[in-house]
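Here are the chains, one letter per residue:
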Amino acid sequence: IRTALVTARSAPSHKRVIKTLRKWGVRIDESLFLGGMKKSEFLKSFEADIFFDDQQKNIIDASEKVTSAHVPFGIKNRN
């Protein structure tokens, strides 16, 4: 299994993400910071098998290209 972190963010936010994941003991094979590029197009070219995101709009868009699942946690999901 190859695990990749894909985010629309760009530098310098990558440092905080990587430090946090390491602190939690989460290891990833690749981290990709798209700098605003649309995730769905990248996921198609990356040939991802499954995509998880905390925002419904990203899931709806990506689901046309790759199997996608909503993670109902995070700031965007608070009521």
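In what follows, the accompanying structure is described. (Residues numbered from 1 in each chain as written. Predicted model: local features only at pLDDT ≥ 70, side-chain atom pairs only at ≥ 80, totals over all residues. Heavy atoms only, no water.)

### Some points on the overall build of the protein chain
Stated formally: Here a helix means four or more residues in a row that DSSP labels H or I, a strand means two or more in a row labelled E, and each is numbered from the N terminus. Both definitions apply: the radius of gyration is a C-alpha atom measure, and the globule rule equals 2.2 Å times residues to the power 0.38. Each residue's exposure class comes from its accessible area (1.4 Å probe, protein chains only) as a fraction of the maximum for that residue type: buried when under 20%, exposed when over 50%, partly exposed otherwise. Residues count as neighbours in contact if any of their non-hydrogen atoms are within 4.5 Å of one another. With residues, only the protein chains shown are counted as cover, and all accessible areas are computed by Shrake-Rupley using a 1.4 Å probe. For the charge count, each Lys or Arg is scored as positive and each Asp or Glu as negative, with His and the chain ends excluded. Lysine's charge is taken at NZ, arginine's at CZ, aspartate's at CG and glutamate's at CD.
In terms of helices and strands, the protein chain carries 3 helices and 4 strands. Of the regular secondary structure in the protein chain, the N- to C-terminal order runs β-α-β-α-β-α-β. For 79 residues, the compact-globule estimate of 2.2 N^0.38 gives 12 Å, and the C-alpha radius of gyration of the protein chain, at 13 Å, lies within 12% of that figure. With the principal axes as the frame, the protein chain shows a C-alpha extent of 35 × 35 × 25 Å. Residues classed as buried in the protein chain amount to 22% of the 79 residues present. Pairs at least 24 residues apart make up 37% of the contacts formed inside the protein chain by residues separated by at least 6 positions. With an accessible surface of roughly 6,100 Å², the protein chain has 51% of that area assigned to carbon and sulfur atoms. Distance from the positive charge centre (15 side chains) to the negative charge centre (9 side chains) of the protein chain: 12 Å.

### A short note on the packing of aromatic side chains
Our working definition: Here the aromatic set is Phe, Tyr and Trp, taking the six-membered ring for Trp, and pairing holds for ring centres within 6.5 Å; pairs whose planes are under 30 degrees apart are stacked, those over 60 apart are edge-to-face, and all others are tilted.
On inspection of all chains with the given rule, the structure shows 1 aromatic pair. Here the aromatic rings of Phe-42 and Phe-46 are separated by 5.2 Å at their centres, their planes lie at 25°, and the arrangement is stacked. On the criterion of helical spacing, the pair formed by Phe-42 and Phe-46 is a turn pair, its members being 4 residues apart in helix α2 (residues 39-46). Here Phe-42 falls in the buried class, since its relative accessible area comes to 12%.

### Observations concerning the pairing of strand β2 (residues 30-33)
Using the following cut-off: In this scheme, strands are said to pair when DSSP sees at least two bridges between them. The crossover handedness rule: strands pointing away from the viewer, path from first strand over the helix to second strand clockwise, crossover right-handed.
As defined by bridge partners, strand β1 (residues 4-7) adjoins β2 across 4 bridges and the pair is classed as parallel. Directly across from Ala-4, in β2, lies its bridge partner Glu-30. In terms of handedness, the path from β1 via helix α1 (residues 13-24) over to β2 forms a crossover that is right-handed.

### Quick word on the environment of Arg-22
As for its position among the elements, Arg-22 is in helix α1. Sequence-wise, Arg-22 and Ala-8 are 14 residues apart; in three dimensions their C-alpha atoms are separated by 20 Å.

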